[in-house]
Amino acid sequence: MTVEERVLDGNAAGGLLLELFGVDLTAAPCMCGGCGAREEVARLDVYVDCPGVVIRCRHCHNVMITIVRGPERTWIDLRGTSMMEL
Amino acid sequence: MASPIAWRIATVGAIRDETASVRTYTLRLPDWPGHDPGQHVDLRLTAEDGYSVERSYSIASEPERAGEIDITVERIPDGEVSAFLHDVVVAGDRLEVRGPIGGYFVWDVPLGGPLFLVAGGSGVVPLMAMARRRAQVGSTAPMRLLYSSRTWDDVIYRDELETLGIEVVHTLTRQQPPGWSGYSRRIDDELLREVAFPAADEPRVYVCGSTRFVDAAADGLVRLGYDPRSIRTERFGATG
């Protein structure tokens, strides 16, 4: 399978994000820290078959969110997201 | 009422063959809080050694059915979860699910129409929940489904789709039955132009299928003059 076929979208991370943040984020607009594009999380590119989950801007491919789960804790890197509207 | 994010135990009820590789499973969930058409559940399988794997499955059923939902699952070759569901699970088994999940790829009656639904293969599942909901409440919002399948035998919900009071346009990309007069190619701009509502009608659009299918359909609709904001998309993975 090519990389293009492996990329999903933010809908696929909906359950994980709901678990971590306690609210549905798929419909939440957020702004890319790279190019400034504003899109709902559902419209972002999501890779779920890496170590962890990687969420990228669909326009400039900047890494916006990475989530790595361990047995007892979870690491969330949001450096690539400049804003999220809830 | 249980939180949407709590894992809960579902009991498998009826199992129905839709096509040679697609089955619908009724999951009994006594405290199910209800859902919006288009939402999905996460399903988790855990082995005795603690290894666990999760997949998302769209809810196929309308919210009117209390205490149970249907999921429709395509058996993906080598897919860990879909193969288990198809080959091992029987009525009465218990599965861990959580949901409903998703607030973007959803439609409900007050949003109105016209609605243009575009499905590739098992991408029809969340759109079916919308069509069933619309029929169940007697909504008159115009709804048109463009549905791409490989062959006539791969068309999921084939008979029921004719009973829902919506327009259904099939395209069969790999093989067509004798005398087939419908479309017989992948979705392209010309096909979209012929089937989609005019952009001026400001339809709500929901597109679901493989990543390649979804991107091709959504890009084509934008070229037809559709506002990208009116097009809601959900990509299905092939990891199964």
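Trainee: Explain the sheet that holds strand β8 (residues 143–149) of chain B residue by residue, including any values.
Mentor: All names here are of chain B. Strand order in the open sheet formed by five strands is β9-β8-β7-β10-β11, with parallel pairing between adjacent strands. Lying at the two open borders of the sheet, with one neighbouring strand each, are β9 (167–172) and β11 (231–236). Within the sheet, the average angular offset between the axes of one strand and its neighbour, ignoring direction, is 10 degrees. Relative to β9, β8 runs parallel, the two sharing six bridges. Within the sheet, the bridge partner assigned to S148 lies in β9 and is T171. Set on the sheet, helix α2 (residues 124–137) makes contact with β7 (115–120), β8, β10 (204–210) and β11; between it and β8 the angle comes to about 155 degrees.

Trainee: Mind laying out helix α2 (residues 14–21) of chain A, listing which residues take part and the relevant values?
Mentor: Counting along an α-helix, one turn takes 3.6 residues, and residues three or four places apart therefore face a common direction. Those residues of α2 of chain A that fall on the buried side of the exposure criterion are G14, G15, L16, L17 and L18 of chain A. Buried residues belonging to α2 of chain A abut β5 (52–56) and β6 (63–69) of chain A together with β3 (40–46), β4 (52–58) and β6 (94–101) of chain B. Count one or two residues on from α2 of chain A and you reach G22 of chain A, which has phi positive near 85 degrees.

Trainee: Describe the pairing of strand β5 (residues 68–74) of chain B, with residues and values.
Mentor: Residues and elements named next belong to chain B. Summarising burial for β5: six of the seven residues are buried, a large majority. Two elements, strand β2 (residues 22–28) and β5, share seven bridges in a ladder whose sense is antiparallel. Across the sheet, residue T24 finds its bridge partner in β5, namely T72.

Trainee: Give a detailed account of the sheet that holds strand β1 (residues 8–19) of chain B, specifying residues and quantitative values.
Mentor: All names here are of chain B. Across the sheet, which stays open at both edges, the six strands sit in the order β4-β3-β6-β1-β2-β5 with antiparallel pairing between neighbours. At either margin of the open sheet sits one strand with a lone partner, and together these are β4 and β5. In this sheet, adjacent strand axes meet at a mean angle of 40 degrees when their direction is disregarded. With four bridges joining them, β3 and β6 adopt antiparallel strand pairing. Opposite H40, over in β6, you have I101 as the bridge partner.

Trainee: How would you sum up the interface of chain A and chain B? Please name residues and give values.
Mentor: Contact with chain A, which involves 18 residues of that partner, is made by 19 residues of chain B. Ranked by residue count, the leading element in the side of chain A that touches chain B is α2 of chain A, at four residues. Residue composition of the side of chain A that touches chain B, by class: seven nonpolar, four polar and seven charged.

Trainee: Tell me about the domain arrangement of chain B, residues and numbers included.
Mentor: All names here are of chain B. Per the domain assignment, the segments making up chain B are domain 1 (8–101) and domain 2 (109–236). The gap between the C-alpha centroids of domain 1 and domain 2 is 24 Å. With 16 residues of domain 1 at the contact, the number on the domain 2 side is 14 residues. For the side of domain 1 that touches domain 2, the secondary-structure elements that each account for two or more residues are β1 and β5.

What counts as what
Residues numbered from 1 in each chain as written. Chains lettered and ligands numbered in written order. Predicted model: local features only at pLDDT ≥ 70, side-chain atom pairs only at ≥ 80, totals over all residues. Pairing = 2+ DSSP bridges. Helix = DSSP H or I, 4+ residues; strand = E, 2+ residues; numbered from the N terminus. Axes fitted to C-alpha atoms, helices over the stretch in contact; angles between N-to-C directions. Contact = placed C-beta atoms within 7 Å. Buried ≥ 20, exposed ≤ 12 C-beta atoms within 10 Å, placed from the backbone. Nonpolar A, V, L, I, M, F, W, Y, C, P; charged D, E, K, R; others polar. Domains from an automatic or database assignment.

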